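# Chains, contacts and geometry: an overview
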Amino acid sequence: MAHVSIAGDDLIVEVEGLDKLWALKSRLTVPLANVRGATADPGIVREPKGVRSPGTHVPGVIVAGSFYTEGERVFWDVRDRDKAIVIELGDEKYARLVIEVDDPKETVDMIEKAVQHRHS
Amino acid sequence: MGAAAELFALHSYDGTSVDDLVNHLGVHRGSLYKTFGSKRGLYLRALHRHVDDDVAALARAVAGAEDQAQAVGLVLAAGPRLGLLFHAMVERAPVDPAAAAETTRALALLDAATGAEGLTALALGQLLRRRGTGAMPQQREGESSWHTSASPVTT
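First things first, this report covers the structure right here in the doc. (Residues numbered from 1 in each chain as written. Chains lettered and ligands numbered in written order. Predicted model: local features only at pLDDT ≥ 70, side-chain atom pairs only at ≥ 80, totals over all residues.)

In this section: the overall build of chain B. Within chain B, the secondary structure is distributed over eight helices and zero strands. Seen in sequence order, chain B has helices and strands lined up from the N terminus as α-α-α-α-α-α-α-α. Within chain B, residue pairs in contact and separated by at least 24 positions form 70% of the contacts whose partners lie at least 6 positions apart. (Helix = DSSP H or I, 4+ residues; strand = E, 2+ residues; numbered from the N terminus. Contact = placed C-beta atoms within 7 Å.)

To continue, consider unusual backbone geometry. Residue and element names in this part refer to chain A. Backbone geometry at Asp91 places phi at a positive 55°, although glycine is not the residue there. The residue Asp91 is located in the loop between strand 8 (84-89) and strand 9 (96-100) in this model. Taking the number of C-beta atoms within 10 Å as the measure of exposure, Asp91 has 9 and is therefore exposed. (Buried ≥ 20, exposed ≤ 12 C-beta atoms within 10 Å, placed from the backbone.)

Residues and elements named next belong to chain A. A sheet is described by the order of its strands in space; here three strands give the open sequence 1-2-3, paired in antiparallel fashion. A strand with exactly one partner marks an edge of an open sheet, and here the two such strands are strand 1 (2-7) and strand 3 (27-31). In this sheet, neighbouring strand axes are inclined to one another by 20° on average, regardless of whether the strands run parallel or antiparallel. In the sheet, strand 2 (residues 10-15) pairs with strand 3 via five bridges, with the strands oriented antiparallel. Each bridged residue has a counterpart across the sheet, and for Asp10 the counterpart in strand 3 is Pro31. (Pairing = 2+ DSSP bridges. Axes fitted to C-alpha atoms, helices over the stretch in contact; angles between N-to-C directions.)

Our next topic: the packing of helix 1 (residues 2-11) of chain B against helix 4 (residues 39-63) of chain B. All names here are of chain B. In the contact formed by helix 1 and helix 4, the axes pass within 9 Å of each other and the chain directions differ by 95°. Between helix 1 and helix 4, the crossing angle belongs to the class labelled roughly perpendicular. When helix 1 is examined against helix 4, the residues Ala4, Ala5 and Phe8 are found in contact with a partner set consisting of Leu42, Tyr43, Ala46 and His50. Each residue belonging to the contact of helix 1 with helix 4 can be placed in one class, and the counts come to six nonpolar, one polar and no charged. (Parallel < 35°, antiparallel > 145°, perpendicular 65-115°, else oblique. Nonpolar A, V, L, I, M, F, W, Y, C, P; charged D, E, K, R; others polar.)

Below, the structure is given as structure tokens:
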């Protein structure tokens with residue numbers, strides 16, 4: 001489970017509780033300028049995650065840590081797929097964060113409100 | 001983008017999952033996120049293009065109509081292609097200012113073409129009635145709105 005908040009010009013993702021043990025890093029701070037959007041996406045849990053770098057994976061129970069897939073590094077921390085959200089980043093160590101939050105819809109709306117989408 | 005617009009037009013924004021988009025668009029999830037940032041990012045792009053293409057084409061046709069009855073008839077004829085706009089006005093515009101900006105832009109295009117808000121309202125009201133009675137089939141998947149000429153008027 002993760003908690004997402006916005007402080008000033010930053011998006012802050014805190015990985016809570018026991019998951020700290022699994023995902024190695026418990027707090028990520030990303031400038032909002034590098035946040036490209038957020039989406040509730042339960043289906044992503046069924047996707048191949050690629051090669052795991054340090055972190056851990058207990059099959060069928062917890063997916064946590066950072067994974068490399070198609071040249072991208074993706075941070076995962078999901079137990080309950082129904083609460084999975086995807087936060088897309090740009091110019092960051094991670095291409096995207098796939099995390100579990102208590103209130104996917106509210107969290108996604110909050111992030112999307114803070115992000116300007118361009119129509120090019 | 002056209003395939004995404006069709007999904008949103010048929011199933012609404014909330015009714016279209018990322019699984020639906022990935023399956024119908026035939027793209028990797030990663031590239032969908034990389035390109036659009038989020039489902040909402042993709043939706044807003046699709047809506048923007050819908051207004052630029054379908055609504056603008058309809059507005060051009062309506063502007064060339066000979067009388068009000070023909071103008072209303074053109075809007076009704078375009079109905080099956082306007083599912084995305086209708087869903088956006090009802091579902092997204094009240095909760096998403098970026099979507100509201102697009103639907104407002106669409107209405108302004110139609111108002112400029114009809115020359116009167118009242119006439120736009122009459123035409124859209126007639127469309128809504130048809131949808132409400134099930135007499136307006138929605139555009140089916142495969143009938144891409146992007147490749148269909150929306151210029152039924154011959155001048």
